[in-house]
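The chain contents come next:
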Amino acid sequence: RLARWFLDSLAAIQVLGTIYGLIMVLRPVIYRRTVLPAERKRAAEIAKRYGRSSLAHLTLLPDKIYYFSRSGNSFVAYTLVGNIALALGDPIGPEEEILQVIAEFTTYCGRNDWHPAFYQVLPDYLSAYEACGYKILKIGEEAVVDLHNFTLSGNKQKSLRQAVNRMVRKGYTTELIHPPLSDEILKQLREVSDQWLRNQVGGEKRFSLGWFDPAYLREYPVI
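Analysis parameters
- Residues numbered from 1 in each chain as written.
- Predicted model: local features only at pLDDT ≥ 70, side-chain atom pairs only at ≥ 80, totals over all residues.
- Heavy atoms only, no water.
- Patch = residues over 30% accessible without salt bridge, like charges linked within 9 Å, V, L, I, M, F, W, Y side chains within 5 Å.
- Areas by Shrake-Rupley, 256 points an atom, 1.4 Å probe, with all protein chains shown as cover.
- Salt bridge = Lys/Arg side-chain N within 4 Å of Asp/Glu carboxyl O.
- Buried < 20%, exposed > 50% of the residue type's maximum accessible area, 1.4 Å probe, protein only.
- Helix = DSSP H or I, 4+ residues; strand = E, 2+ residues; numbered from the N terminus.
- Expected span 1.5 Å × (residues − 1).
- Arc of directions from axis to C-beta.
- Pairing = 2+ DSSP bridges.
- Axes fitted to C-alpha atoms, helices over the stretch in contact; angles between N-to-C directions.
- Lys, Arg positive; Asp, Glu negative; His and termini not counted.
- Contact = heavy atoms within 4.5 Å.
- Core = buried A, V, L, I, M, F, W, Y, C linked by side-chain atoms within 4.5 Å.

Q: How do you make sense of a nonpolar patch on the surface when you look at a structure like this?
A: Taken together, the side chains of Val145, Leu147, Phe150, Leu160, Val164 and Val168 make up a nonpolar region of the molecular surface, amounting to roughly 540 Å² of accessible area. Look at Leu160 and you get partly exposed, because its relative accessible area is 37%.

Written out as structure tokens, the structure is:
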């Protein structure tokens, strides 16, 4: 009787062992695609202190995963598409660490059998990317306007000045709303966003362009 019970128990042990093995094998993959609240808070603190480009805030949206540098002072925000680790912009952190973080992230991706790529980087560290084996492809430029010195006066701004005056005559106004945004404002913004999406081909663009995320919008200025 005990022998029969023992033989039956082997089947149960085999099933449980297989399930446990699968959990242990898949656990790193599950974790890579999940960001802990403490990690997102840590990334937000680093981005607030060291963010240099218009992409810094977009690294805090929930579609991003984080690789933190060995020092813990820098991070790379990326997403996984198959076995491609696509990073948004340059690493964020102290300037003296950026070159090292690029190399660290590249090595980290190699250990996970991923192909790393950086999207919309600044030209400042192109030599560092090339030193790590990356190929550089220019796909466009981003305009940066110095708002402190910007003016509509002068001949160069004539066409823009006329466009602004035309909008004013039609009754358009501009309002800067500071966070936290109220539920009523978010409701109005949602109506604008939904109308825009209906006029587009496809849905939200996400990744480098963002999407309508109430928790994100509530915490930032909106025009």
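Q: I tried to follow helix α2 (residues 37-50) on my own but got confused; where do I start?
A: Because the α-helix completes a turn every 3.6 residues, residues three or four places apart line up on one side. Counted at 1.5 Å a residue, the expected span for α2 with its 14 residues is 20 Å, and the 20 Å between its end C-alpha atoms agrees. By the burial criterion, the buried members of α2 are Glu39, Ala43, Ile46 and Ala47. Projection of α2 onto a plane perpendicular to its axis shows the buried side chains occupying an angular sector of 100 degrees, all on one side. Away from the buried face of α2 by more than 90 degrees, exposed residues Pro37, Ala38, Lys41, Lys48 and Arg49 are located.

Q: Teacher, can you tell me more about unusual backbone geometry here?
A: When glycine is set aside, most residues are seen to have a negative phi, and most peptide bonds are trans. The peptide bond linking Pro179 to Pro180 adopts the cis configuration, its omega dihedral lying at 0 degrees. Tracing the chain through its elements places Pro180 in the loop between α5 (158-169) and α6 (183-199). For Asp113, which is not glycine, the phi dihedral falls at a positive 60 degrees. Structurally, Asp113 can be placed in the loop between α3 (98-111) and β4 (115-119). Located in the positive-phi region is Phe207, a residue other than glycine, with phi close to 50 degrees.

Q: Would you mind going over the sheet that holds strand β3 (residues 84-88) with me for this structure?
A: Each strand in a sheet pairs with its neighbour through backbone hydrogen bonds, running either in the same direction (parallel) or in the opposite one (antiparallel). Strand order across the open sheet formed by four strands is β1-β2-β3-β4, with mixed pairing between neighbours. The two strands at the open ends of the sheet, each matched to only one other strand, are β1 (65-68) and β4. For this sheet the average axis-to-axis angle between neighbouring strands, irrespective of direction, equals 35 degrees. Pairing analysis gives four bridges linking strand β2 (residues 75-81) to β3, with the strands arranged antiparallel. Bridging from a neighbouring strand, Val81 pairs with Ile84 of β3.

Q: Before we go on, may I ask you to explain the side chain of Glu97 in this structure?
A: The residue Glu97 is located in the loop between β3 and α3 in this model. Summary of buried charges: Glu97 has no salt-bridge partner, and the nearest side chain of opposite charge, Arg42, is 9.1 Å away. Glu97 has contacts with Ser69, Ser71, Asn73 and Ser74, leaving out every residue within four places of it along the chain.

Q: Quick question: what am I supposed to make of α6 here?
A: With 17 residues, α6 should cover 24 Å at 1.5 Å per step; its first-to-last C-alpha distance of 25 Å lies within 8% of that length. Every buried residue of α6 is listed here: Leu186, Ser193 and Leu197. When α6 is viewed along its axis, its buried side chains cluster within an angular range of 40 degrees and face the same direction. Exposed residues lying more than 90 degrees from the buried face of α6 are Lys187, Val192, Arg198 and Asn199.

Q: Honestly, the nonpolar core in this entry has me stumped. Any pointers?
A: Most often, soluble globular proteins have nonpolar side chains that are buried together. Tyr66, Phe75, Tyr78 and Phe105 are the most contacted members of the largest nonpolar core, which totals 30 residues. Contributing elements (two or more residues each) for this core: α2, β1, β2, β3, α3 and α4 (126-131). In this structure Phe75 touches Ala43, Ile46, Ala47, Thr59, Tyr66, Tyr67, Phe68, Pro91 and Ile92, once residues within four positions along its chain are discounted.

None of the figures reported here should be taken as evidence of function without further support.
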